[in-house]
Amino acid sequence: MKTQKRDKTSTLFNRGFQAGLDGKSKSSCPVSEVALRTHWMSGWREGREAHWSGQSGVSAIQANPSLH
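Residues numbered from 1 in each chain as written. Predicted model: local features only at pLDDT ≥ 70, side-chain atom pairs only at ≥ 80, totals over all residues. Heavy atoms only, no water.

### Brief notes about helix H1 (residues 8–21)
Put simply, the rule is: Helical segments are the DSSP runs of H or I of at least four residues, strand segments are the runs of E of at least two, and each set is numbered from the N terminus. Multiply 1.5 Å by the residue count of a helix minus one, and that product is the helix's expected span. Each residue is assigned to one of three classes by its accessible area relative to the maximum for its type, calculated with a 1.4 Å probe on protein chains only: buried under 20%, partly exposed between the two thresholds, exposed over 50%.
Given a rise of 1.5 Å per residue, 14 residues ought to cover 20 Å, and the 20 Å separating the end C-alpha atoms of H1 matches this to within 8%. Restricting attention to buried positions, one finds in H1 the residues Leu-12, Phe-13, Gly-16, Phe-17, Ala-19, Gly-20 and Leu-21. Looking one or two residues beyond H1, the residue adopting positive phi is Gly-23, at roughly 85°.

Dropping the structure here:
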C-alpha cells in the first residue's frame, strides 16, 4: 500500500499556528517560497491571536477547527 504525502499547505499552516502560539516572531518562518510562506503566515497570525486571547495548549487547538 502506498503512503500518501501530507498536503504541504496544511502542514505549514499548523506549524505556523504552533509558532504563533509559542510567541515566536514571524521572522522565524522557515519557508522562502512566497506561495507556501503565505500558509505559514496565516497559521502564525491565528496562533498569535489565540496567544493574545489567553488560549494555550489544548484550548487553543480546540478553538482552531483546522487542527482537528
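### Here we look at the environment of Glu-46
Mapped onto the secondary structure, Glu-46 falls in helix H2 (residues 34–52). The class of Glu-46 is partly exposed, set by a relative accessible area of 36%. Separated by 33 residues in the primary sequence, Glu-46 and Phe-13 place their C-alpha atoms 9.4 Å from one another.

### Focus: H2
The end-to-end C-alpha distance of H2, which contains 19 residues, comes to 26 Å, matching closely the 27 Å that a straight helix rising 1.5 Å per residue would cover. Those residues of H2 not exposed but buried are Leu-36, Trp-40, Met-41, Gly-43, Trp-44, Gly-47, Arg-48 and Ala-50. Two residues or fewer past H2, Gly-54 is found with a positive phi of approximately 90°.

### Some points on the packing of H1 against H2
For clarity, the cut-off: Helix axes use the C-alpha atoms of the stretch in contact, all axes being lines fitted to C-alpha atoms, and the angles between their N-to-C directions lie in the range 0 to 180 degrees. In this scheme, a crossing is called left-handed if the near helix is turned counterclockwise away from the far one by less than a right angle; it is called right-handed if the turn is clockwise. Should any heavy atoms of two residues lie within 4.5 Å, those residues are counted as being in contact.
One way to put it is that H1 packs onto H2 with a least axis distance of 6 Å and a crossing angle of 35°. Handedness of the H1/H2 crossing: right-handed. Across the interface between the two elements, Lys-8, Thr-9, Leu-12, Phe-13, Arg-15, Gly-16, Phe-17, Ala-19, Gly-20 and Leu-21 from H1 touch Leu-36, His-39, Trp-40, Ser-42, Gly-43, Trp-44, Glu-46, Gly-47, Arg-48, Ala-50 and His-51 from H2.

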